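Structural overview for review
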Protein chains: 2
Amino acid sequence: MNVDDGIARWRRVADGIRTLAAESDADGGLLPSEAALAERFGVNRHTVRRAIAALAAEGLVHTERGRGTFFRKLPGRLHYPIGTRTRFSENISRQAREPAGRLIQASVEPADARIAAALGLRIGAAVHRMETLHVADGMPLSVSTSWFSVERFPAIVAAYAETGSVSKALEAHGLVDYHRRETRVAAEHVSPADAAHLACPADAIVIVAESLNVDPEGQPMQRSRTRFAADRIELVFAT
Amino acid sequence: MNVDDGIARWRRVADGIRTLAAESDADGGLLPSEAALAERFGVNRHTVRRAIAALAAEGLVHTERGRGTFFRKLPGRLHYPIGTRTRFSENISRQAREPAGRLIQASVEPADARIAAALGLRIGAAVHRMETLHVADGMPLSVSTSWFSVERFPAIVAAYAETGSVSKALEAHGLVDYHRRETRVAAEHVSPADAAHLACPADAIVIVAESLNVDPEGQPMQRSRTRFAADRIELVFAT
DNA sequence: TAGAGTTGTCTATATAACTATACAAGTTGA
DNA sequence: TCAACTTGTATAGTTATATAGACAACTCTA
């Protein structure tokens, strides 16, 4: 606990307590006393108290004077199956009620080299760029940026805004089947804009999944980059 | 830059400069001056200097008095294909020379409920627990914890230590083919122990991939939990 | 009820982090 | 050479972080 790495000790103690709570299987369990935690992490009791205060502000723990500090068992991460036919609504609705997609922002822009190559368009061709937020049971799970050819899907934005679902918006263009060709998974610190949409702390982590959806003829039609709140979801690749 | 979140400002400035460098396509480029960076991030010039000192210690930048600070273009993320027959050595050797696995620690322990269920053993059955480090071209890429049944693979640890490869260690037990049944992907802050092995900063991110390998008869034989340095690798799921 | 164990609060001190200002020393190009 | 830029260094003051100890307030059990 002495490395000069720009991370306050109370924050590392807080992270340590968080994993303590996560690894315990008991629900509503009792944490070790502040004195015990201080000794375990090699810090002063006041530092432990600051860590606990931060966790209490997050809602992870609550303290009762004379009794101790209790942690709440957080709901486990939702499973997000990634396969060849992934649909946000279908996947999540098996685990949570009321999945919903909301349009954050949309614009038409010329395709840069990367988007053009992915969608099989010429550079500069008009593409829709849609920012969408995905929520389940009131909890924001992911923010996604998608690109579609304007020529092929002229009304995709309006259709999405109306239905809250990419599948349904594509159906409105006569495309009833499509599948995922490739998914690349990385992880990064959340951007300030995404943190605001996902309602997560500034040092949170997002899993970044970039994928390409193709129609039954193998023609690419949607390029997307989705940022998942890493503390709320895990991706499951079944084989 | 004013949130009271226990992360030093110089560290966040350092992260900001890191992404500045990553987003630039120029190689060996010149960073903005310390004064300009201080204004951009809303901090004092000395704070910028401390951030730059940290980056210089990492080898990402170097400064020349009177001229400025230059960054080195880091190699892009390696692609780690995840499929039904993923092998570390084979995958990485297509992109980098000299992939190597090194045994960090090994022990025999009784299987807890989770491991027992995954491997199809009874609770308390002896399992090998192996911590391994995977390196390519001198750069640590991942740390992995694996569990094997002691009864079925009595000499797995010695075989791995000798060959540096799980595939070869399993071959030594007569198992020439196996495949990956499921992979769960999450992302977390790196643990202090893993940060030391991966030689990455304390606030770095790891992609956590938990998977189960099964033999040709469908019998689970290896449970593993791999932590990838998220700034060096991305997982690719081709479908 | 008494005592042991818990959290809450207070004061004090030391160190690290950050800011502010000034100037020296080096580089570049007009 | 000179002016305008850059980084390097020094000093000082302020705020945040962490430690140390003492004691009050509260809970539980013997």
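Relevant structure appears above.
Residues numbered from 1 in each chain as written. Chains lettered and ligands numbered in written order. Predicted model: local features only at pLDDT ≥ 70, side-chain atom pairs only at ≥ 80, totals over all residues. Heavy atoms only, no water.

**Points about the protein's contact with DNA strand C**
Taken together, 24 residues surround DNA strand C, and among them Arg 45 of chain A together with Arg 9, Trp 10, Thr 47 and Arg 67 of chain B come closest. Within 4 Å of the protein, atoms of DNA strand C come from sugar and phosphate in 65% of cases. Glu 34 of chain A has a polar backbone atom sitting 3.1 Å from a phosphate oxygen of DNA strand C. Between DNA strand C and the protein, one listed contact pairs a base nitrogen with a backbone N or O atom of Gly 66 of chain B at 3.4 Å. (Near = heavy atom within 4 Å. Polar contact = N/O pair within 3.5 Å; in protein donor to acceptor, adjacent residues only side chain to side chain.)

**Re the interface of chain B and chain A**
Taken together, the contact pairs 32 residues of chain B with 30 residues of chain A. Our count for the contact surface shared by chain B and chain A stands at 4 salt bridges. Of the charged contacts in the structure, one is a salt bridge between Glu 234 of chain B and Arg 184 of chain A, with a shortest N-O distance of 3.0 Å. On the surface where chain B and chain A come into contact, there are 12 residue pairs in polar contact (both at pLDDT 80 or more). Only α1 (9-23), β7 (179-189), β8 (205-214) and β10 (233-238) of chain B provide two or more residues apiece to the side of chain B that touches chain A. (Contact = heavy atoms within 4.5 Å. Salt bridge = Lys/Arg side-chain N within 4 Å of Asp/Glu carboxyl O. Helix = DSSP H or I, 4+ residues; strand = E, 2+ residues; numbered from the N terminus.)

**Remarks on the relation of the copies chain B and chain A**
Overlaying chain B with chain A gives an RMSD of 1.2 Å, the required rotation being 179° about an axis along which the chain moves by 1.1 Å. In short, the pair behaves as if placed about a two-fold rotation axis. Every residue of chain B has its C-alpha some distance from the rotation axis, and the shortest such distance is that of Ile 7 of chain B, at 1.5 Å. When you check the interface residues of chain B against chain A, 94% turn up at the interface there too, and the contact is symmetric in its surfaces. (Least-squares fit on C-alpha atoms with pLDDT ≥ 70 in both.)

**A word on the nonpolar core**
Nonpolar side chains in soluble globular proteins generally cluster together in the buried interior. Counting residues in each nonpolar core, the largest one holds 30 residues, and the members touching the most others are Val 185 and Leu 235 of chain A together with Val 185 and Leu 235 of chain B. Looking at this core, the elements with two or more residues in it are β3 (78-81), β7 (179-189), β8 (205-214) and β10 (233-238) of chain A together with β3 (78-81), β7, β8 and β10 of chain B. Beyond its immediate chain neighbours, meaning those up to four positions away, Leu 235 of chain A contacts Tyr 80, Ile 82, Val 185, Ile 207 and Phe 228 of chain A together with Thr 183, Arg 184 and Val 185 of chain B. (Core = buried A, V, L, I, M, F, W, Y, C linked by side-chain atoms within 4.5 Å. Buried < 20%, exposed > 50% of the residue type's maximum accessible area, 1.4 Å probe, protein only.)

**Details of the layout of surface pockets**
Its volume calculated, the second largest pocket comes out at about 260 Å³. Taken together, the residues that form the lining of the second largest pocket break down as 6 nonpolar, 5 polar and 6 charged. (1 Å grid on protein atoms, 1.4 Å probe; cavity = no way out; pocket = protein on both sides within 12 Å on 5 of 7 lines; lining within 4 Å. Points joined across faces, edges and corners; volume = space filled by probe spheres on them. Nonpolar A, V, L, I, M, F, W, Y, C, P; charged D, E, K, R; others polar.)

**Looking at the packing of helix α2 (residues 34-41) of chain B against helix α3 (residues 45-58) of chain B**
Residues and elements named next belong to chain B. Where α2 contacts α3, the axes come no closer than 8 Å and their chain directions differ by 105°. Accordingly, the angle class assigned to the pair α2 and α3 is roughly perpendicular. In this structure, α2 contributes Glu 34, Leu 37 and Ala 38 to the contact, and α3 contributes Arg 45, Val 48, Arg 49 and Ile 52. Broken down by class, the residue content of the contact of α2 with α3 amounts to 4 nonpolar, no polar and 3 charged. (Axes fitted to C-alpha atoms, helices over the stretch in contact; angles between N-to-C directions. Parallel < 35°, antiparallel > 145°, perpendicular 65-115°, else oblique.)

**Topic: the pairing of strand β2 (residues 68-71) of chain A**
All names here are of chain A. Two strands pair when backbone bridges link them, and strand β1 (residues 61-64) and β2 are joined in this way by 4 bridges, in the antiparallel orientation. In the strand pairing of β2, Glu 64 is matched with Gly 68. In this antiparallel pair of consecutive strands, β1 and β2, the connection spans 3 residues, and Gly 66 shows a positive phi of 85°. (Pairing = 2+ DSSP bridges.)

**Considering the protein's contact with DNA strand D**
For DNA strand D, the set of nearby residues contains 24 residues, the closest of which are Arg 9, His 46, Thr 47, Arg 65 and Arg 67 of chain A. One of the side-chain N or O atoms of His 46 of chain B is found 2.8 Å from a base nitrogen in DNA strand D. Take the surface near DNA strand D: its biggest share by element is 4 residues, from helix α3 (residues 45-58) of chain A. Of the residues that constitute the surface near DNA strand D, the class distribution is 3 nonpolar, 10 polar and 11 charged.

**Quick notes on the packing of aromatic side chains**
A ring pair, where both rings are aromatic, is described by two values, the distance of the centres and the angle of the planes. Residues and elements named next belong to chain A. Applying the stated criterion across every chain yields a total of 5 aromatic pairs over all chains. With centroids separated by 4.9 Å and ring planes inclined at 55°, the aromatic side chains of Tyr 80 and Phe 228 adopt a geometry described as tilted. A residue pair is termed long-range when its members are at least 10 positions apart, and Tyr 80 in strand β3 and Phe 228 in strand β9 (residues 220-229) qualify at 148 residues. For Tyr 80, a relative accessible area of 6% gives the class buried. (Phe/Tyr/Trp six-rings, centres within 6.5 Å; stacked < 30°, edge-to-face > 60°.)

**A word on the environment of Ala 230 of chain B**
Mapped onto the elements, Ala 230 of chain B comes out in the loop between β9 (220-229) and β10. A residue is classified by how much of its surface remains accessible, and Ala 230 of chain B, at 2% relative accessible area, is buried. Sequence-wise, Ala 230 of chain B and Gly 68 of chain B are 162 residues apart; in three dimensions their C-alpha atoms are separated by 29 Å. Dropping the residues within four chain positions of it, Ala 230 of chain B is found in contact with Ala 187 of chain A together with Arg 77, Ile 205, Val 206 and Ile 207 of chain B.

**Focus: unusual backbone geometry**
Residues and elements named next belong to chain A. Look at Asp 137: it is not a glycine, yet its phi comes out positive at around 55°. Checked against the element boundaries, Asp 137 lands in the loop between β5 (126-136) and β6 (139-149). The backbone phi angle of Ala 199 is positive, close to 55°, even though this residue is not glycine. By secondary structure assignment, the location of Ala 199 is in the loop between α8 (192-198) and β8.

**Some thoughts on the pattern of salt bridges**
When their charged atoms lie close together, side chains carrying opposite charge are able to pair. Using the criterion set out here, one finds 39 salt bridges over all chains in the structure. A salt bridge links Glu 58 of chain B to Arg 18 of chain B; the nearest nitrogen and oxygen atoms lie 2.6 Å apart. Here the residue Glu 58 of chain B occupies a position in helix α3, and Arg 18 of chain B occupies one in helix α1, the gap between them amounting to 40 residues. Looking at Glu 58 of chain B, the relative accessible area reads 41%, which means it is partly exposed. Taken together, the salt bridges that share partners define one network made up of Arg 77 of chain A together with Arg 114, Glu 188, Glu 210, Arg 223 and Arg 225 of chain B.

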